[in-house]
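# Chains, contacts and geometry: an overview
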Amino acid sequence: MATALSLTHLGSLMRGVRSVDEVGADERAASLAKRSIKKSSKLWALDLAIRCMDLTTLEGQDTPGKVAALCAKAVRPKPGDATVPPVAAVCVYPLRIADCVAALRGSSVRIASVATAFPSGQSFTSIKVAETEEAVRAGAHEIDMVIDRGAFLSGDYQRVYDEIVAVKEACGEAHLKVILETGELGNYDAVRRASILSMAAGADFIKTSTGKVQPAATLPVALVMMEAIRDFVRETGRPVGFKAAGGIRTAKQAIAYLVITYETLGPEWMTPDRLRLGASTLLNDVLMQIDKERTGAYQSADYFTVD
Amino acid sequence: MDVRKTYKLFVNGEFVRSESGRAYRPDGGQVNVPRGSRKDLRDAVRAARTAFPAWAGRTAMNRGQILYRAAEMLDGRAAQFVELLGGARARRELDQAVETLVWYAGWTDKLPQVTGTVNPVAGPYFNFTIPEPTGVVGIVAPDDAPLLGLVRRVAPALCGGNVVVAMAAESRPLPALTLAEVFATSDLPAGVVNILTGQRKELLPWLASHMDVNAIDVAGCSGEEVKAIEESAAGNVKRVIKLPEGERSPYLIAAFMEMKTVWHPIGV
Amino acid sequence: MAITKKQSTALAKQVFEYAPAPEAVDHVKILPRYGLFIGGKMVAAHSKKRFPTINPATEKTLSEVVDADEVDVDRAVKAAGKAFESWARLPASRRARYLFRISRLLQERSRELAVVETMDGGKPIKESRDVDIPLSAAHFFYYGGWADKLEWAFPNRKPTPLGVAGQVIPWNFPLLMLAWKIAPALAAGNTVVLKPAETTPLSAMVFAEVCMQADLPPGVVNIVTGAGRTGSLVVSHPDVKKVAFTGSTEVGKLIQRAIAGTGKRLTLELGGKAANIVFEDAPLDQAVEGIVNGIYFNQGHVCCAGSRLLVQESIAEPLLEKLKRRLSTLRLGDPLDKNTDIGAINSRAQLEKIQGLVESGVEEGAELYQPECVIPERGFWFPPSLFTNVAQSYRIAREEIFGPVLSVLTFRTPNEAVEKANNTPYGLSAGVWTDKGSRILWMAERMRAGVVWANTFNRFDPTSPFGGYKESGFGREGGVHGLLPYVELN
């Protein structure tokens, strides 16, 4: 990795990142959102959406009880129906990792923890690194870090870069997802720049949002990030995953992300190793759609557990 | 004993004899006028085409200044033109020709504001339409007002940034050739206006069929000539401009123009 | 999970590549045969000749229409002439209301019209649904608003209508071209005789129904079907005062010649060979979309298609890689499928023309790229194609192909781009892709073309004038400029 890059080099490199035309990106995303997949394929797509899901709770009021319930849902989204697969991971605050470890023992569901002074990232690098190390030690398989938007927006790309490198190192074996918080970056040019910076610094995944800022994930932002991934893979050969998070509530939205992934990155990305959908309330809608497809009748929320 | 003027064609900013070496004496008079050939026409079109980008690229303000300068030069030679035109209406024709140049001189920097538009399209795009010169324009002057008739068409064509190959009135070509002297002293770049004399019957078909002429104004043509011109014009989809001879309006300038529409997304 | 990554990838391909989502056709009624729309009703033709109109995606006959003859055309023009007297005298605000009414009816029947358009012409339903029909309705709405405001469009003049307009339209955007022709003509107080294209008459027949539903006074709009001969009868009828034609440059020239000396007013919207110019600083991914939209939209059956890609040499390699990859994601197939990007070629004749030109490209030495693509057994199809190693002199770089075929050329400097872009007898449109604002304006100024799309391509709007320089025709359609061809300025 290019840790030796000096500030001036990195700055000029970042300013040299190709621009994105907002209207063009919006239109392409909108046209992809109109794609429909065939009825018989819908079940497979919904199944994939679950397999790629990071079931998330990130609230100050999260308790061991709440997290235990979430984990139960993660392992067995539809009680009594083993054909519905477990989700990819649960995503929690660091203090709740221990609750997950207990609840998820023996399952395939991974534990993801946010870290690095989530969601603002406005703290000391040493603390972010320490938090990451603690989280991994507590049992997190995946770390969702936030970039220092303050540094990014003030043009201090080196600081952002170095911090990602440091956190990546602190992750050890754990996978690193780098949250760009695209809703705070101002435009797609910055989204693309942040994507490339994060990938160059070692991100395993790049992720749209914390879910704490509006707008969170949008289809055009996903498109822009995926195009950056595509270019990065072309340049380096290293595949990087994509995670959309925040505001994804319906199965229809989830399918739109699958379509855009397929069209932009191709079928190799249609797997939990490279695609994640972070969401707290999406799962039930997906489950309702699965039942709708199976039974032919539109469903009621009363029949799906609120966890 | 006076020193007589040799009348010459005006091509590429120079006064030249017809390459054919031929001349004719209009109206049974004693003055030899060059009988332009198809090769002279070809040279004139080539000169015009070469001059086009730079003339079209001049600022509107600059084109206006030059047209006004032409009005000054024309007015300064008023006596000469009145004599050339002859007859009771000569003075009036001259005055109107000067007035026409002044009028169009003031239009150069207003035409886009009057005929251009910003178009409120239903999407995140900035969209505007502006007039641009069509290119090389052929103009056929009418015989009855050999000065004014020509100025009425040359001025609006130049106003928009076109370049001109004009055919002088066959029976009364002298005012047109003298007008060339006016243009030659008005800071008009070489080739922007070219004036040919000769037999219309001989030259018109070449002008109408020339593949590098973009438009042709037929104010001075008979119905039969218009039909022939329109048939030939189809060869390269020439614009055939058929507004009334007395037309003086931005609609006439616009007839020598193309409307260009530009789209650009609006985004951050 | 038991699914391996490889299986998952294969599954993803199945799910997302082959997903027929056909538009329902049960709400559409196409009659087995149509008459002519003359004097406000569908009438039996004098001509006994009929021809089938087929679905180019299936080669099945959809209906039969009349090959209108001299008597039919004369009747239509007479009906229009008779209607003109009262239509031109009608209070302008009433004319406006009829146009608004037509616009609304088109919106109400939009899905039906989209399906008819797609079945008759082969274009993807997503295009007829999202572009052709909404724009057609918008066009009538826009010009409806002008009908009683003409004096504000032409300061210092009294605009008056011309009389009967004879209009001949092409098969690539049948209803939209109808709207471009009829809306401004009617708004200005003219009446029309319109001849739709031979291969795509059906949406015009539905439009005839719309006119009846709108209670449009009889004879204001007349529609005669037929082939080229019918078209020439329309434009050369002595009572037709105004001719408007959209189609090939070849036919445009014939019309200009045919009506020479008649005093008829003429507007022509003809062919093109647009350059789509990509500079090295362009937003590449959007440029790729723009290139795709520029040439593969409507199977390239677009007069303003960006059929020549001029790419700055320094980025030719990555751009072409992106473009080829993108081509491989284009879906060719059933035009009624909502996911289809490339529909059917409009006719066998057009397919043969495309094939011939593509063969010439290969023979002249260009390198052809076509993504893997399953071509349906029946119907007329041509895969999205891209030529590299193209010289300016090749036919594929000079002639309008009117198919999904892109010729790629490179340039080194802005001046070279300008020179190559303008090096054509056509001048309909041009595209420019660059991130530099001053260069956009510099390029826009130098393009000898009626429409310049900067960092976008193939956008249309009723308020936005459209039309060509040079052999791409003259006159503008759309916007306030689109009224001028239909008025006398007194």
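Turning next to the overall build of chain B. A count of helical and extended segments in chain B gives ten helices and twelve strands. If you line up chain B on its principal axes, its C-alpha atoms span 75 × 40 × 30 Å. Taken over 268 residues, chain B has a buried fraction of 53%. Considering only residue pairs separated by 6 or more positions, chain B has 75% of its internal contacts joining residues 24 or more positions apart.

Residue-level contacts link 28 residues of chain B with 36 residues of chain C. For the side of chain B that touches chain C, the elements supplying multiple residues, two or more each, are β6 (125–133), α9 (223–233) and β12 (257–265) of chain B. Broken down by element, the residue count for the side of chain B that touches chain C peaks at eight residues, all from β12 of chain B. Broken down by class, the residue content of the side of chain B that touches chain C amounts to 13 nonpolar, nine polar and six charged. Relative to strand β17 (residues 451–454) of chain C, β12 of chain B is paired through three bridges, and the arrangement is parallel. Counterpart to Trp-263 of chain B in the pairing with β17 of chain C is Trp-453 of chain C.

Of all hydrophobic cores here, the largest spans 253 residues; its most connected members are Leu-101, Val-164, Val-165 and Ala-166 of chain B. Of the residues forming this core, the biggest block, eleven residues, is contributed by helix α7 (residues 174–187) of chain C. When residues of this core are assigned to domains, at least three map to each of domain 1 (36–270 + 470–489) and domain 2 (275–454) of chain C. Setting aside chain neighbours within four positions, we find Leu-101 of chain B in contact with Leu-67, Ala-70, Ala-71, Leu-74, Val-151 and Ala-155 of chain B. Judged by nonpolar contacts, the second largest core, of 105 residues, contains Phe-205, Ala-256, Leu-258 and Leu-265 of chain A.

Residue and element names in this part refer to chain A. Among the six residues of strand β3 (residues 110–115), six are classified as buried, and the element is accordingly described as predominantly covered. Side-chain alternation along β3 places Arg-110, Ala-112 and Val-114 on one buried face and Ile-111, Ser-113 and Ala-115 on a second face that is also buried. Bridging between strand β2 (residues 89–92) and β3 involves four bridges; their strand directions are parallel. Bridge assignment links Cys-91 to a residue of β3, and that residue is Ala-112.

Any two packed helices are characterised by how steeply their axes cross, that is the angle between the axes, and by the distance between the axes. Residues and elements named next belong to chain A. For the pair helix α4 (residues 64–75) and helix α5 (residues 97–104), interaxial distance at closest approach is 9 Å and the crossing angle is 40°. By the angle class used here, α4 and α5 are oblique. Considering the relative orientation of α4 and α5, their crossing is right-handed. Of α5, the residues touching α4 (which contributes Pro-64, Val-67, Ala-68, Cys-71, Ala-72 and Val-75) are Asp-99, Cys-100, Ala-103 and Leu-104. By residue class, the composition of the contact of α4 with α5 is nine nonpolar, no polar and one charged.

Attention now moves to the environment of His-210 of chain B. Residue and element names in this part refer to chain B. If you trace the backbone, His-210 turns up in the loop between α8 (200–209) and β10 (215–217). His-210 gets classed as buried once you count the C-beta atoms within 10 Å, which come to 23. Between the C-alpha atoms of His-210 and Gly-161, which are 49 residues apart in sequence, the distance is 20 Å.

Owing to its 3.6 residues per turn, the α-helix aligns residues three or four sequence positions apart on the same side. All names here are of chain A. Compared with an ideal rise of 1.5 Å per residue, which puts 18 residues at 26 Å, helix α10 (residues 219–236) spans 25 Å between its outermost C-alpha atoms and is within 8% of the ideal. Extensive coverage of α10 is indicated by the burial of 13 of its 18 residues. Looking one or two residues past α10, Gly-237 carries a phi angle of roughly 80°, positive in sign.

Residues and elements named next belong to chain A. Taken together, the eight strands give a closed barrel; going around it, the order is β1-β2-β3-β4-β5-β6-β7-β8, and neighbouring strands pair in parallel fashion. When the angles between neighbouring strand axes are averaged without regard to direction, this sheet yields 25°. Note: strand β5 (residues 175–179) against strand β6 (residues 205–207), three bridges, orientation parallel. Within the sheet, the bridge partner assigned to Lys-177 lies in β6 and is Phe-205.

Attention now moves to the interface of chain B and chain A. Facing the five residues of chain B at the interface are five residues of chain A. In the side of chain B that touches chain A, the residues fall into four nonpolar, one polar and no charged.

Hydrogen bonds along the backbone pair up the strands of a sheet, which may run parallel or antiparallel. Taken in spatial order, the ten strands line up as β5(B)-β6(B)-β12(B)-β17(C)-β16(C)-β11(C)-β12(C)-β15(C)-β14(C)-β13(C) in an open sheet, and their pairing is mixed. Two strands lie at the open edges of the sheet, namely β5 (117–118) of chain B together with β13 (367–369) of chain C, each paired on one side alone. Where strand β16 (residues 429–433) of chain C meets β17 of chain C, four bridges bridge the pair, whose relative direction is parallel. The residue bridging Val-432 of chain C from the neighbouring strand is Ala-454 of chain C, located in β17 of chain C. Helix-sheet contacts for helix α11 (residues 284–296) of chain C involve β11 (275–278), β12 (308–312), β15 (405–411) and β16 of chain C, and the interaxial angle to β16 of chain C is about 165°. Sheet strands touched by helix α12 (residues 316–327) of chain C: β11, β12, β13, β14 (385–388) and β15 of chain C. Its angle to β14 of chain C, the strand with the most contacts, is close to 160°.

A cis geometry characterises the amide bond from Phe-118 of chain A onward to Pro-119 of chain A, with omega recorded as 0°. When you line up the elements, Pro-119 of chain A lands in the loop between β3 and α6 (125–138). Looking along the chain, the bond that leaves Gln-214 of chain A and enters Pro-215 of chain A is cis, with omega of -5°. Assignment of secondary structure puts Pro-215 of chain A in the loop between β6 and α10. With a phi close to 55°, Asn-455 of chain C is a non-glycine residue in the positive phi region.

Let's shift gears to helix α3 (residues 92–108) of chain C. Residue and element names in this part refer to chain C. In this model, α3 (17 residues) spans 24 Å end to end at C-alpha, consistent with the 24 Å of a helix rising 1.5 Å per residue. When α3 is considered as a whole, its buried residues turn out to be Arg-95, Ala-96, Tyr-98, Leu-99, Ile-102, Ser-103, Leu-105 and Leu-106. For α3, the secondary structure elements touched by its buried residues are α4 (110–121), α5 (125–146), α7 and α8 (202–213).

This part covers the environment of Val-288 of chain C. Residues and elements named next belong to chain C. Inspection of the secondary structure assignment puts Val-288 in helix α11. Take Val-288: there are 25 C-beta atoms within 10 Å of it, and that puts it in the buried class. Residues Val-288 and Arg-326, spaced 38 residues apart in sequence, show a C-alpha to C-alpha distance of 7.7 Å. Apart from the residues within four sequence positions on either side, Val-288 is in contact with Lys-322, Leu-323 and Arg-326.

In this model, chain B carries a mean pLDDT of 97, and residues with pLDDT of at least 70 account for 100%. Interface confidence for the predicted complex, given as ipTM, is 0.95, next to a pTM of 0.94.

Here the focus is the pairing of strand β6 (residues 164–168) of chain C. Residues and elements named next belong to chain C. Counted residue by residue, β6 has five buried out of five residues, so it is predominantly covered. In β6, alternate side chains face the same way, and those of Val-164, Gly-166 and Val-168 on one face and Ala-165 and Gln-167 on the other are all buried. In this structure, β6 lies alongside strand β7 (residues 191–195), joined through five bridges in parallel fashion. Across the sheet, residue Gly-166 finds its bridge partner in β7, namely Val-193.

Procedures and definitions
Residues numbered from 1 in each chain as written. Chains lettered and ligands numbered in written order. Predicted model: local features only at pLDDT ≥ 70, side-chain atom pairs only at ≥ 80, totals over all residues. Helix = DSSP H or I, 4+ residues; strand = E, 2+ residues; numbered from the N terminus. Buried ≥ 20, exposed ≤ 12 C-beta atoms within 10 Å, placed from the backbone. Contact = placed C-beta atoms within 7 Å. Nonpolar A, V, L, I, M, F, W, Y, C, P; charged D, E, K, R; others polar. Pairing = 2+ DSSP bridges. Core = buried A, V, L, I, M, F, W, Y, C linked by C-beta atoms within 7 Å. Domains from an automatic or database assignment. Axes fitted to C-alpha atoms, helices over the stretch in contact; angles between N-to-C directions. Parallel < 35°, antiparallel > 145°, perpendicular 65-115°, else oblique. Left-handed = near helix turned anticlockwise from the far one by under 90°. Expected span 1.5 Å × (residues − 1). pLDDT = per-residue confidence, 0-100.

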